[in-house]
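# Report on the structure
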There are 2 protein chains.
Amino acid sequence: MVSIGVGDLDKVTGRLAGRIAKTPLLSSPSLDDVLGTRVLLKAECFQRSGCFKMRGALNALLAGLERGDDRGVLAITTGNHALAVALAARETGVPATLVMPQGGPPLKRAAARQSGAAVVTDGVTPKNREEVGYALLEERGLRWLHPFNDPDVIAGQATVGLEIVEQAAVHSERIDTVLVPVGGGGLIAGISEAVAARAPHARVIGVQPETADHAARSLRAGEVISVASRPTSIADAANHVELGELPWRVISERVSEILTVSEESIAKATWALWHHAKMLAEPTAALPVAAVLERRVDLASDKALACVISGGNVDAIALAPRLERWRDGELAASAADRYSSTA
Amino acid sequence: MVSIGVGDLDKVTGRLAGRIAKTPLLSSPSLDDVLGTRVLLKAECFQRSGCFKMRGALNALLAGLERGDDRGVLAITTGNHALAVALAARETGVPATLVMPQGGPPLKRAAARQSGAAVVTDGVTPKNREEVGYALLEERGLRWLHPFNDPDVIAGQATVGLEIVEQAAVHSERIDTVLVPVGGGGLIAGISEAVAARAPHARVIGVQPETADHAARSLRAGEVISVASRPTSIADAANHVELGELPWRVISERVSEILTVSEESIAKATWALWHHAKMLAEPTAALPVAAVLERRVDLASDKALACVISGGNVDAIALAPRLERWRDGELAASAADRYSSTA
């Protein structure tokens, strides 16, 4: 294991056994037809809390308890990390406080509350949320659980990579390439560690929205590059301004490439996952499929490509109208097809 | 095996091996919270063709070829059976002709065409479709593949039941109850056969919309009862007027109960499967979950309950607005909760 100390992966696996879902590695021939190549879908949308983040949050809390740290935890986030921390905290009996700006996704706030977390929103804005969070940390003696800049969190996310390698082997498939959505970098850092340890021949490739391409720029520059302001991609969980320092240390060593995809491709890939693979993926989770749609990945036909479908925490009813044109495109394509339509 | 001759189940399993997906048996703690009980979800939405029907169609075509019958096949259906026959026919090299009334679901017609079937729609109405179909059968020397009144089709659907029993055993769970959507009866007939053979202690219970309750009435009456006109439930794949004769012979012997659920519950269960289990289930596939939502199933807490999520062939974008009130209900419930929302 590398210098950031993600610890022994088997120990992490043991710690999380029975507490997280071993999500299925699915194939969808119908999606494959659309993509023109075969992909394996690591369906983290079926993970507890609706997203891979449960792995990292739970590992961090359990590892803390093993070290004798039973402070309540605080998370500063609008999104998937909040849901994961709320659920992991409930399960481990640790009180959770979540600082979530007003105007964030109401369904995520609702889910966090339903998990029993104290949700702090009044007067919280995207700008002052860290300030509010730090004040609470001091005042209440809480432990800050960072969504990605934490070795225990990265180690938890690594189990996604362990499972992909193991599940592919069960089906006698040798994983050649793993495509991973990139936001703050915790997921791809963990997966890179796992793949380096268990399938060192395989490539791990990141995928970002064109409008939130800080990691792609960082990899080219050889140092952490920030984008000027918070991105507003439809892939909302990827709207970070920069990689965390710890993920960067792994990514710079392990990840060969970070691709960027258009907003159009992300929406089309989301529709394809809904309609063809029947997975309620969130747009961020569709980034890898968007890269395949754009034919950005060179693949030998006999090699296995895995796409990490990172989560499904999306308001499907609000998002549906934004995907309508892809459905209509599919209908238009088939109306002009070559088969008889008359008796 | 009973008198209808669904054949040796192991032979069917062998015939379909590698040609159909062994769909996962998933659990969703988030859905369990909503339901107040634990359920296992047999995710046939991930089956090839988007629904369990691929099993029966493929088994019928392959069994026919084994008997030397290589005629083209004809199916008269607007829906999931059409998609399955189109795909199974392409795969086995048998030409398929589908009689689909005008005004049916355009996405299903598009998918059938994309699979290479000849789709006959011009001048076809829900009323004359059988007449059109029978004329084509004679004229072109085709084989009629009935969606449920066929022993090979029922035998194919039985593999859903075999897999549930086998997959539950892997997790040391003993299946006590299997809830199955009921339309024409092919799925529940097949599953009943499989469960009787492999888990005879378990109950198989059917679920229908209140507005399409012919099977529930039939079971009470001890004979096949038809409803007056074609039902119009949101669970569209369950909109049949009566059970097929062959399924009825199995159901009358094997199925202890057929529950009925309201349109409201079906919509709410569909939303719950989308939002909590992240499965793009079609409303018909949500019938079992609707029965659990309505607390119609008595369960010992240590027993395993499986819900067959029969398919995912739905226009999600068109359906989304009809599910909106359930999302809003969830938000309203959480807004009035007991946790602090102030710093």
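Residues numbered from 1 in each chain as written. Chains lettered and ligands numbered in written order. Predicted model: local features only at pLDDT ≥ 70, side-chain atom pairs only at ≥ 80, totals over all residues. Heavy atoms only, no water.

### So, the sheet that holds strand β5 (residues 118-120) of chain B
All names here are of chain B. Sheet architecture is open: four strands sit in the order β5-β4-β3-β6, paired in parallel fashion. Because the sheet does not close on itself, it has two edges, and the strands there are β5 and β6 (143-144). Where strand β4 (residues 96-99) meets β5, three bridges bridge the pair, whose relative direction is parallel. If you follow Val99 over to β5, its bridge partner there is Val120. (Pairing = 2+ DSSP bridges. Helix = DSSP H or I, 4+ residues; strand = E, 2+ residues; numbered from the N terminus.)

### With respect to the pairing of strand β10 (residues 304-309) of chain B
Residues and elements named next belong to chain B. Burial runs high along β10: six of the six residues are buried. Taken together, the four bridges between strand β7 (residues 175-181) and β10 define a ladder with parallel strand orientation. If you follow Val178 over to β10, its bridge partner there is Ala306. (Buried < 20%, exposed > 50% of the residue type's maximum accessible area, 1.4 Å probe, protein only.)

### Examining the relation of the copies chain B and chain A
Overlay of chain B on chain A (RMSD 0.0 Å): rotation 180 degrees, translation along the axis 0.0 Å. As the rotation angle and translation indicate, the two copies are arranged about a two-fold axis. A share of 98% of interface residues in chain B that are also interface residues in chain A marks the association as one of identical surfaces. (Least-squares fit on C-alpha atoms with pLDDT ≥ 70 in both. Contact = heavy atoms within 4.5 Å.)

### Considering the interface of chain B and chain A
The interface is formed by 50 residues belonging to chain B together with 49 residues belonging to chain A. Of the roughly 4200 Å² buried at the junction of chain B and chain A (both faces included), carbon and sulfur atoms supply 63%. Ranking the residues of chain B by area buried against chain A places B:Arg113, B:Lys278 and B:Ile317 at the top, with a combined share of 18%. The interface formed by chain B and chain A includes four salt bridges. Residues B:Arg327 and A:Asp315 are paired through a salt bridge, measuring 2.7 Å at the closest nitrogen-oxygen approach. (Buried area = accessible area lost by both parts, 1.4 Å probe. Salt bridge = Lys/Arg side-chain N within 4 Å of Asp/Glu carboxyl O.)

### Structural notes on the pairing of strand β7 (residues 175-181) of chain A
All names here are of chain A. In terms of burial, β7 is largely enclosed, as seven of its seven residues are buried. Across five bridges, β7 lies against strand β8 (residues 203-209) in parallel orientation. For Val180, the partnering residue across the bridge sits in β8 and is Gly206.

### Points about the sheet that holds β8(A)
Residues and elements named next belong to chain A. Reading across the sheet, the six strands line up as β1-β2-β10-β7-β8-β9 and stay open at both edges, with mixed pairing between neighbours. In this open sheet, the two edge strands, each paired with only one partner strand, are β1 (25-27) and β9 (257-261). Each strand of the sheet is rotated relative to its neighbour by a mean of 30 degrees, with strand direction disregarded. Here four bridges tie strand β2 (residues 40-43) to strand β10 (residues 304-309), and the two strands are oriented parallel to one another. Bridging across to β10, Leu41 finds its partner in Cys307. (Axes fitted to C-alpha atoms, helices over the stretch in contact; angles between N-to-C directions.)

### Considering the pattern of salt bridges
Proximity of charged atoms lets side chains of opposite charge pair with each other. One pass over the structure, following the stated rule, counts 42 salt bridges over all chains. It is possible to trace a salt-bridge network through shared partners that takes in A:Lys42, A:Glu44, A:Arg55 and A:Glu163.

### Some points on the state of the cysteines
Note: disulfide means a covalent bond formed between the sulfur atoms of two cysteine side chains. Under the definition given, this model contains zero disulfides over all chains. Cysteine A:Cys307 is unpaired, with the sulfur of A:Cys45 as its nearest cysteine sulfur at 13 Å. (Disulfide = S-S within 2.5 Å.)

### Comments concerning the confidence of the model for chain A
Detailed reading of the predicted coordinates is not advisable wherever pLDDT is low. All names here are of chain A. Averaged over every residue, the pLDDT of chain A is 91; residues scoring 70 or more account for 94%. For residues 337-343, every residue scores under 50 in pLDDT, and the model assigns this stretch 18 contacts once sequence neighbours within four places are set aside. Predicted complex, confidence summary: ipTM 0.92, pTM 0.93. (pLDDT = per-residue confidence, 0-100.)

### Topic: the packing of aromatic side chains
All chains considered together, the criterion is met by three aromatic pairs over all chains. The interplanar angle of 50 degrees and the centroid separation of 5.6 Å between the aromatic rings of A:Phe46 and B:Phe46 together place this pair among those described as tilted. One end of the pair, A:Phe46, is in the loop between β2 and α3 (53-66); the other, B:Phe46, is in the loop between β2 (40-43) and α3 (53-66), on a second chain. Classification of A:Phe46 as buried rests on a relative accessible area of 9%. (Phe/Tyr/Trp six-rings, centres within 6.5 Å; stacked < 30°, edge-to-face > 60°.)

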